[in-house]
Amino acid sequence: MNVNQSAPPVPPFGQPQPVYLGHHQSSYGGQPGSTTAPTSYGAYNGPVPGYQQTPPPGVSRAPPSSGAPPASTAQGPCGQTAYGQFGQGDVQNGPSSTVQMQRLPGYQPFGSAILAPVVSQPAVLQPYGPPPTSAQVTAQLAGMQISGTVAPASPPSGLGYGPPTSLASASGSFPNSGLYGSYPQGQAPPLGQAQGHPGTQPPQRPVPLQASSFTPPASGGPRMPSMTGPLLPGQSFGGPPVSQPNHVSSPAPQALPPGTQMTGPPGPPLPPMHSSQQPGYQLQQNGSFGPTRGPQSNYGSPYPGAAAFGSQPGPPQPLPAKRLDPDAIPSPIQVIEDDRNNRGSEPFVTGVRGQVPPLVTTNFLVKDQGNASPRYIRCTSYNIPCTSDMAKQAQVPLAAVIKPLARLPPEEASPYVVDHGESGPLRCNRCKAYMCPFMQFVEGGRRFQCCFCSCINDVPPQYFQHLDHTGKRVDAYDRPELSLGSYEFLATVDYCKNNKFPSPPAFIFMIDVSYNAIRSGLVRLLCEELKSLLDFLPREGGAEESAIRVGFVTYNKVLHFYNVKSSLAQPQMMVVSDVGDMFVPLLDGFLVNINESQAVITSLLDQIPEMFADTRETETVFAPVIQAGMEALKAAECAGKLFLFHTSLPIAEAPGKLKNRDDRKLINTDKEKTLFQPQTGAYQTLAKECVAQGCCVDLFLFPNQYVDVATLSVVPQLTGGSVYKYACFQVENDQERFLSDLRRDVQKVVGFDAVMRVRTSTGIRAVDFFGAFYMNNTTDVELAGLDGDKTVTVEFKHDDRLNEENGALLQCALLYTSCAGQRRLRIHNLALNCCTQLADLYRNCETDTLINYMAKFAYRGVLSSPVKTVRDTLITQCAQILACYRKNCASPSSAGQLILPECMKLLPVYLNCVLKSDVLQPGAEVTTDDRAYVRQLVTSMDVAETNVFFYPRLLPLTKSPIENTTEPPAVRASEERLSNGDIYLLENGLNLFLWVGASVQQGVVQSLFGVSSFSQITSGLSVLPVLDNLLSKKVQGLIDSLRAQRSRYMKLIVVKQEDKLETLFKHFLVEDKSLSGGASYVDFLCHMHKEIRQLLS
Ligand SMILES: [Zn+2]
């Protein structure tokens, strides 16, 4: 039907809006060697079904209605909080613009005060590199009274460590493992079952709760007196580590009041282990790699009452009773700053096996010399135990976080594309691994031995090349696959479905036009935006126009398909009301080239908001919409992506119909897991069909109330798609955020119809996978779509003995269809070291990656186990990791000392952040949908994203001189670090707050907000006024720069000190005790120490 007879005014279609500039595609695919798709795409000629359900002319407002919408349904619990505006972040691949942090004046670096001296251990041998100092952080925690305000007899309630009697109630396996990752049952790591799987062991025994901060059980077990009482004879916790051979001298024990005994810090300046080293703390972040950390100049900064641990070992001094000083425990800010200073200036060259890369928070360039860049693969450890016994002992998970299509900064080249012509990529005949720099050529180059399975293969004549005197092919450096860690192969037709080169993918926009969507202004906003956004569909490097075809569907209880064929004067609508048996009513004219059909599409997008302007329809369907999009792609024989814009719980009668089953009473019960599980299996079945078709689903949700994110996100999750959620969407408040996300999402490069396989050398194998994908067997990760933001986390286990000489190899191969329809293979190779000494493992770990893995492991665990069990499992695993280090790697010292491996000194603080996150310990303001949403977001986050998500960045804005335009140094995420005379920005990749202290100078208030006093600042403001002064410009610039670093737009929320909204803000001060019962960092560290001591005793 001609939906509208009068030709609508044509807007200036095709005019790029200035705002797009920032979103513009980088030149993906423009790498040398890239060619155009070797296929012609047959014009789609599907038969038009006989039935063209063309409604009678004259009906210009089509959608059926079913009664007046109850106004109340549109309200919902909106406005209750600003919470829930999550958006994913990504800092890793941005341009290198971050400025190195500078220490705040007066900032006390870690180690400067009472605790946490660093102990050097000469017993630990360094197998390579410049001999580093294996430093340990030691802190005497036991027996300390953590907080002076907490009376021992009346411990605070609500902490996360409940009655010990329930600790051991681990409840078996993950029955639901089919959903997120679909492993055979035997492979799913059961929580609470010891399978040799890190983290799967239930708490060994009830943990006696001792320190005042760790809540005693409800049953009221008595606290152990020794923890608060005076030190008993022979009970010295952490006497001076005189046994540590590395110390020139140790301060004598300090006189402490009862109950607060601490040893003197064992860490006067280290004597130089090597004469070339300067005295002072030779901390090395990553074991034996990287430049040696320089002496910390203000190490000896004064701390009241503390001995000055400067370059001169001070005499023993009496120390007044003091709560554990937060400055004395390992600081994330300090670790990040040190790594930036030490490793940010030199490129990271990947030629050496087993090198630990700089931290994700450090800006650095990568030079590929044979191993994949850390932008593609990061590992929990770069030196893995030779035997499974060692691995079980250490409990350090062996995992790689892989981001196969990661975007690179402009300075780094995209992977070269290798074209071997009709013969295709060269592979091992036995294990099918692809040619890579680790393959060993033998017999004068006529054969090669596979580095993964040792099979000897013939070299095909056309690939033959002579070897040099070292056995290396003389053309090694001319061939990416022989010299680089990452590269691509053009795939032959053998790698294509049905032995046919693929058609270019299609995008289908599927828009909810029910009452809520119309009323909020969403439909009009979206249609207006699409008119110009469609000009920016992803295109392959150099191509003039995108090969992607587009199609449009609107829906409420029924679906409306549109014929936008270029030959039509007006778009035609076809209604399908039989949602129980979805089919696509038109083939010709549904998926079109955007340029050819521009006028018709523009006309359609103009008409849609008008057509449904008076709709009364409130009910929606959901599964049939996905079904329709998938069927359309199937009919067109192409892969593609559905963009769904959806507002409500799909309660209309149709497949996939849902009911409201939200029940907060389930929290902290054994049934809590059901809140994370889908309420019907229908979506998994549908997702499976989507994956088979290469149909990726991106879901934009605009809920006013519960929509069951846990169920609605199943298809996006299993098809490699993304979910965005805009609670209580209002155009005026949320359009910037929605449009930014939409632009980025539509323009981002996607690999379609992908399969990923991780091969390993003999001795280890991939056993478990985390991320947004589907698995039909135990090895192939199927991704209907994969974009540059998504990661797949892979866990490895031993199946044989490894050896130090050969190390261990990983090869990740991703077969995918590019946005131009080209079939390609992207290969990433990584070689790791293997060790027979546990100390080597601990020295080459990366805590950020460990946390990424542990969070994903825990977030999957909540699908099948009580949340408390999941938390306990994490704590136990962390304690086991640290206890094993203490037992096997640390030099003998008093049991009262907490000794942390240098590379893992932030493990406790970061783990605590995971434990108190909304998924594992929700506060009252966190909705069930928020938790399900965050759970699925974290599942595909990269290491940089989880790092900032769990430990937010807090930046003081008014402490540094106003002329200083560089990013200010962060401070620790604790209320103690906030000064009421300053203004701070806090971001975690999803949320962005501007906190204003109550005593901020009037001039600052005027400059930033354009009002004359603190009281006139509007709390909850989301846009700062643009004012013509230095401070205003600086803050706006910083906000823009933070947003540019993240993959999702962060909406700003202004929070005034002492204001109601401050509760929300404080939720992100993760070093503090949380309202939902999460422990403070200090308390958690004490608790962890106790756990470790129990394991050791
Ligand atoms: Zn092989």
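Residues numbered from 1 in each chain as written. Predicted model: local features only at pLDDT ≥ 70, side-chain atom pairs only at ≥ 80, totals over all residues. Heavy atoms only, no water.

On record in UniProt, under Sequence similarities (unreviewed entry), the comment for the protein chain is "Belongs to the SEC23/SEC24 family. SEC24 subfamily." (UniProt positions renumbered as here; feature names shortened; annotations may be inferred.)

Some details on the overall build of the protein chain
A count of helical and extended segments in the protein chain gives 22 helices and 32 strands. Within the protein chain, the fraction of its 1097 residues that count as buried is 64%. Considering only intrachain contacts with a sequence separation of at least 6, the fraction spanning at least 24 residues in the protein chain is 76%. Summed over its atoms, the accessible surface of the protein chain is roughly 37,200 Å², and 53% of this surface lies on carbon and sulfur atoms. (Helix = DSSP H or I, 4+ residues; strand = E, 2+ residues; numbered from the N terminus. Buried < 20%, exposed > 50% of the residue type's maximum accessible area, 1.4 Å probe, protein only. Contact = heavy atoms within 4.5 Å. Areas by Shrake-Rupley, 256 points an atom, 1.4 Å probe, with all protein chains shown as cover.)

Overview of the pairing of strand E32 (residues 1052-1056)
The buried fraction of E32 amounts to 5 of the 5 residues, a majority that puts the element mostly inside the structure. The alternating pattern of E32 places Leu1052, Val1054 and Lys1056 on one face and Ile1053 and Val1055 on the opposite face, and all of these are buried. Looking at chain direction, strand E31 (residues 992-996) and E32 are connected through 5 bridges and run parallel. Looking at the pairing, Phe993 lines up with Ile1053 of E32. (Pairing = 2+ DSSP bridges.)

Here we look at the packing of helix H6 (residues 522-533) against helix H12 (residues 731-747)
Packing of H6 against H12 leaves a shortest axis separation of 11 Å and a crossing angle of 35°. Handedness of the H6/H12 crossing: right-handed. Here Leu522, Leu525, Leu526, Glu529 and Leu533 of H6 lie close against H12, whose contacting residues are Val731, Gln735, Phe738, Leu739, Leu742, Arg743, Val746 and Gln747. Of the residues in the contact of H6 with H12, the class split is 9 nonpolar, 2 polar and 2 charged. (Axes fitted to C-alpha atoms, helices over the stretch in contact; angles between N-to-C directions. Left-handed = near helix turned anticlockwise from the far one by under 90°. Nonpolar A, V, L, I, M, F, W, Y, C, P; charged D, E, K, R; others polar.)

Thoughts on the packing of aromatic side chains
Applying the stated criterion to the full structure yields 31 aromatic pairs. Clustering of aromatic rings is evident, with ring pairs tying together Phe645, Phe700, Phe702, Tyr724, Tyr726, Phe729 and Phe738. Cation over ring: Arg375 sits above Phe364, and NZ or CZ is 5.2 Å from the ring centre. A cation over an aromatic ring shows up here: Lys1056 above the ring of Phe1014, its NZ or CZ 4.9 Å from the ring centre. (Phe/Tyr/Trp six-rings, centres within 6.5 Å; stacked < 30°, edge-to-face > 60°. Lys NZ or Arg CZ within 6 Å of the ring centre and 35° of its normal.)

Examining the confidence of the model for the protein chain
Detailed reading of the predicted model is not advised wherever pLDDT is low. Summary statistics for the protein chain give a mean pLDDT of 77 and a share of 71% for residues scoring 70 or more. The model gives residues 79-322 a pLDDT under 50, and that stretch makes 659 contacts with residues more than four places away or in other chains. (pLDDT = per-residue confidence, 0-100.)

Focus: the pattern of salt bridges
The full count for this structure, using the stated rule, is 47 salt bridges. With a closest N to O distance of 3.7 Å, Asp663 and Lys665 form a salt bridge. Arg765 serves as the salt-bridge partner of Asp799, at 3.5 Å between the closest nitrogen and oxygen. Of this pair, Asp799 sits in the loop between strand E25 (792-798) and strand E26 (808-817) while Arg765 is found in strand E22 (residues 764-770), placing the two residues 34 residues apart along the sequence. Residue class for Asp799 comes out partly exposed when judged on its relative accessible area of 45%. Residue classification places Arg765 among the partly exposed residues on the basis of a relative accessible area of 38%. A network of salt bridges, in which partner residues are shared, links Arg407, Arg744, Asp745, Lys748, Asp787, Asp789 and Lys790. (Salt bridge = Lys/Arg side-chain N within 4 Å of Asp/Glu carboxyl O.)

A closer look at the packing of helix H14 (residues 847-861) against helix H18 (residues 943-950)
Where H14 contacts H18, the axes come no closer than 9 Å and their chain directions differ by 80°. Considering their axes alone, H14 and H18 lie roughly perpendicular with respect to each other. From H14, Asp848, Thr849, Ile851, Asn852, Ala855 and Tyr859 reach across to H18, where they touch Val943, Thr946, Asn947, Phe949 and Phe950. The residue inventory of the contact of H14 with H18, partitioned by class, reads 6 nonpolar, 4 polar and 1 charged. (Parallel < 35°, antiparallel > 145°, perpendicular 65-115°, else oblique.)

A look at the coordination of the zinc ion
Around the zinc ion, the protein contributes the donor atoms Cys428 (SG), Cys431 (SG), Cys450 (SG) and Cys453 (SG), which lie 2.2 to 2.3 Å from the metal centre. Seen from the zinc ion, its 4 donor atoms lie at angles of 102 to 115°, and the figure they make is tetrahedral. Site description for the zinc ion: donor spacing in sequence, C-x2-C-x18-C-x2-C. Taking the relative accessible area as the measure of exposure, Cys428 reaches 1% and is therefore buried. (Donors = N, O, S within 2.8 Å, 3.2 Å for Na, K, Ca; no water. Tetrahedral: all angles 85-135°; square planar, octahedral: opposite > 155°, others 65-115°.)

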